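# Structural characterization, general
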Amino acid sequence: MNPLPALPGMTAAPAATPRAAALASILGAALTFGCASYPVPELQLAASQAAVGNAAAHAAPSGLHDLALAREKMGLARHLASSALPQEARWLAEQAEVDAQLAQAKVLAANAVAEAVRWQRLASARGARLVQASAARNPGEAP
Amino acid sequence: MTPHSIGIAAVAIALTVAGCAMVPRTNSHLEDARTLYRAAHEDREIARLAPSELARAEDTFHLAEAAWNTLDDPAVVDHLAYLAKQRIAIAREIARKASAEEAALAARLGQDTDLATAGAGGLQLTNARR
């Protein structure tokens, strides 16, 4: 059993069983790495928490799935860090960080696309009005 | 060569063959990451608009590949492949954002140009009437 292989699949699935998959993965990770010794990844946890906070500040529908995933992994990472499983905690925190960054990037991209569409519509409307005005000024010429 | 050493050699060969047979030839997460990486690498817009994010995704993908090639723990490969896939997706989104910003700017500039043209036309018309 791979420790974290189910977690990558969680992004593809519509969050149907993320908790069960994550718990199963963590159990596998604990069995695999339980005897290893790693320091508690305080810096990674802090960086990931900051990324989740940034993504939450930009929360919008396009990023909600990835943000929920990031939050869930962050919670599990904290739990594992306090359960003497720092290596697994670091992995989950790293995944939470990229999930949160992706959530934020999706929202920012969606906002930019909406803004571009708005400006293009304004430009089209302005162009149409200019054509009409030109035609009105010069009724003999084709537009 | 004694029968004993022949037996040991046979067992060693059998174990080697069995060991090689048990090593999986592919890792689905790594293959997914490879597909996404190639697509992103060939996308000129991503390279143009999100070069640093793409470079970071590439670094992570190469780490995943190295972990796979050095027979690191499959969980490590899966984890790194996951990070690579997400970073490729981030690069894609950042490129999408930058592209939309360019389109918005072009539309705004076009509108300003239209206004300037209309203003100049109006000015010429006014001068002609004088």
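The rules we used
- Residues numbered from 1 in each chain as written.
- Chains lettered and ligands numbered in written order.
- Predicted model: local features only at pLDDT ≥ 70, side-chain atom pairs only at ≥ 80, totals over all residues.
- Heavy atoms only, no water.
- Helix = DSSP H or I, 4+ residues; strand = E, 2+ residues; numbered from the N terminus.
- Buried < 20%, exposed > 50% of the residue type's maximum accessible area, 1.4 Å probe, protein only.
- Axes fitted to C-alpha atoms, helices over the stretch in contact; angles between N-to-C directions.
- Parallel < 35°, antiparallel > 145°, perpendicular 65-115°, else oblique.
- Left-handed = near helix turned anticlockwise from the far one by under 90°.
- Contact = heavy atoms within 4.5 Å.
- Nonpolar A, V, L, I, M, F, W, Y, C, P; charged D, E, K, R; others polar.
- pLDDT = per-residue confidence, 0-100.
- Phe/Tyr/Trp six-rings, centres within 6.5 Å; stacked < 30°, edge-to-face > 60°.
- Lys NZ or Arg CZ within 6 Å of the ring centre and 35° of its normal.

Attention now goes to the overall build of chain A. Of regular secondary structure, chain A possesses five helices and zero strands. If you list the helices and strands of chain A from N to C, you get α-α-α-α-α. By residue count, 41% of the 143 residues in chain A fall in the buried class.

Before going further, it helps to spend a moment on the packing of helix H4 (residues 64-81) of chain A against helix H5 (residues 86-137) of chain A. Residue and element names in this part refer to chain A. Closest axis-to-axis distance for the H4/H5 pair is 8 Å, and the angle between their directions is 160°. By the angle between their directions, the pair H4 and H5 is classed as roughly antiparallel. When you trace H4 past H5, the crossing you get is left-handed. Every residue of H5 that contacts H4 at Asp66, Leu67, Leu69, Ala70, Lys73, Met74, Leu76, Ala77, Leu80 and Ala81 is listed here: Pro86, Glu88, Ala89, Leu92, Ala93, Gln95, Ala96, Asp99, Ala100, Leu102, Ala103 and Lys106. Of the residues assigned to the contact of H4 with H5, the class counts are 16 nonpolar, one polar and five charged.

All names here are of chain B. In the predicted model, chain B carries a mean pLDDT of 82, and 67% of its residues have values of at least 70. Note that pLDDT drops below 50 for residues 122-130; the model gives that stretch one contact with residues more than four away or on any other chain. The complex model carries a pTM of 0.71, and its ipTM stands at 0.71.

Right, let's talk about the packing of aromatic side chains for a bit. Applying the stated criterion across every chain yields a total of one aromatic pair over all chains. Look at B:Tyr37 and B:Phe61: their rings are 4.6 Å apart centre to centre, the planes differ by 20°, and that puts the pair in the stacked class. A residue pair is termed long-range when its members are at least 10 positions apart, and B:Tyr37 in helix H2 (residues 28-42) and B:Phe61 in helix H4 (residues 51-69) qualify at 24 residues. For the pair formed by B:Tyr37 and B:Phe61, the shared burial category is buried. Above the plane of the ring of A:Trp119 lies A:Arg118, whose end atom (NZ or CZ) is 5.3 Å from the centre.

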